[in-house]
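# Survey of secondary and tertiary structure
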Amino acid sequence: MFLSRFRVNTARPGARRLLSSPQAMHAAVMSSFPHILPSDSPAPDAPRVLWRLDQRARAEVLLYVVSPDRPDMTHLVEQAGWPAVADPGNPGWQTRPYAPLLDGLAAGDHWAFRLTANPVHTIRRKEGEPRKLTAHLTPIHQMGWLLDEERQQRLGFRVCEKPADRRLLPEGTTHHKRPHPGDRYELAVRDARSLSFDKSRGSGGRRDKPVTVVTVTFEGRLEVTDPEALRRALTQGIGRARAYGCGLLTLAPVTRPARPTP
């Protein structure tokens, strides 16, 4: 497995086109792996290509890709990078093996994490109607989706709770009918978006109904509970809409304050 990072040159027309369409970005990412055909589908339990866009500032957008094979992003550099400054020593992207992180996971480890996901649930609007897949739209429900105990157990981690002295609401507070999960857990919702785009053309040249995907970026801290399950989550993705930039969980070492010298 490999983890790659590509900085998008947001001043270029090709970059703006890719950033405006998850479908176009997905096609560009998959073109980094010439041996994978558009009709290929990964096996249910196999590692797959995952990607995510992180916007650190208005003009700083990073594309992260996790993949079973080493990518060749030359075409992305030509469309949306800095081809004039690329050379064999600096092709315009960085790729490193993912195995050291995956193999080093151990139960009890704490990590900072980031995940862009598509939190959804099924509801029945009227009695007798089939259940319909619907996006969670509020931060409380979006956090609840990730904090679900069964989901966390399946993914091999739990979101850490804040120390009691850092919680916004003390234990026993009752003036909130429903305390916000962010008061208790090391979890925040960033950059919630509703993406609407044309997926494909239907038969006869007509356009299919536009696809709408609600995405949310979670940031926080987690504790590893099942290393093997977490490895699957890191290499196979989490939730739905993985072709549209969702599902990629990344980990970073937790920065702890220095202990005072005795």
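Provided above is the structure to which this section pertains.
Residues numbered from 1 in each chain as written. Predicted model: local features only at pLDDT ≥ 70, side-chain atom pairs only at ≥ 80, totals over all residues. Heavy atoms only, no water.

### Looking at the overall build of the protein chain
What counts, and what does not: Helix and strand definitions here come from DSSP, where helices need a minimum of 4 consecutive H or I residues and strands a minimum of 2 consecutive E residues; each element is numbered from the N-terminal end. Per-residue accessibility, obtained with a 1.4 Å probe over protein chains only, is compared with the maximum for each type, and a residue is labelled buried under 20%, exposed over 50%, and partly exposed between these values. Between two residues, a contact is recorded if the distance between any of their heavy atoms is within 4.5 Å. Each accessible area value is a Shrake-Rupley result obtained with a 1.4 Å probe; residue values ignore everything except the protein chains displayed when judging cover.
Summing up its helical and strand segments, the protein chain has 8 helices and 11 strands in all. Expressed as a percentage of its 262 residues, the buried residues of the protein chain come to 40%. The long-range share in the protein chain, meaning contacts at least 24 apart out of those at least 6 apart in sequence, stands at 70%. Roughly 15400 Å² of accessible area belongs to the protein chain as shown, and the carbon and sulfur atoms make up 51% of that amount.

### Regarding unusual backbone geometry
Residue D191 is not a glycine yet carries a positive backbone phi of 55 degrees. Structurally, the position occupied by D191 is in strand β9 (residues 187-197). Even without being a glycine, A241 presents a positive backbone phi close to 60 degrees. Residue classification places A241 among the buried residues on the basis of a relative accessible area of 18%.

### Overview of the environment of L248
One can find L248 in the loop between α8 (227-236) and β11 (249-253). Separated by 133 residues in sequence, L248 and L115 place their C-alpha atoms 5.8 Å apart. L248 has contacts with L50, W51, R52, Y64, V66, R114, L115 and T116, leaving out every residue within four places of it along the chain.

### Quick word on the pairing of strand β10 (residues 211-224)
Our working definition: For two strands to count as paired, DSSP must find a minimum of two bridges between them.
Within β10, 10 of the 14 residues are buried, leaving the element largely enclosed by the surrounding structure. Bridging between strand β5 (residues 110-117) and β10 involves 8 bridges; their strand directions are antiparallel. Paired with W111 across the strands is L222, a residue of β10. Examined bridge by bridge, strand β8 (residues 157-159) and β10 share 3 bridges and lie antiparallel to one another. Opposite F157, over in β10, you have V224 as the bridge partner.

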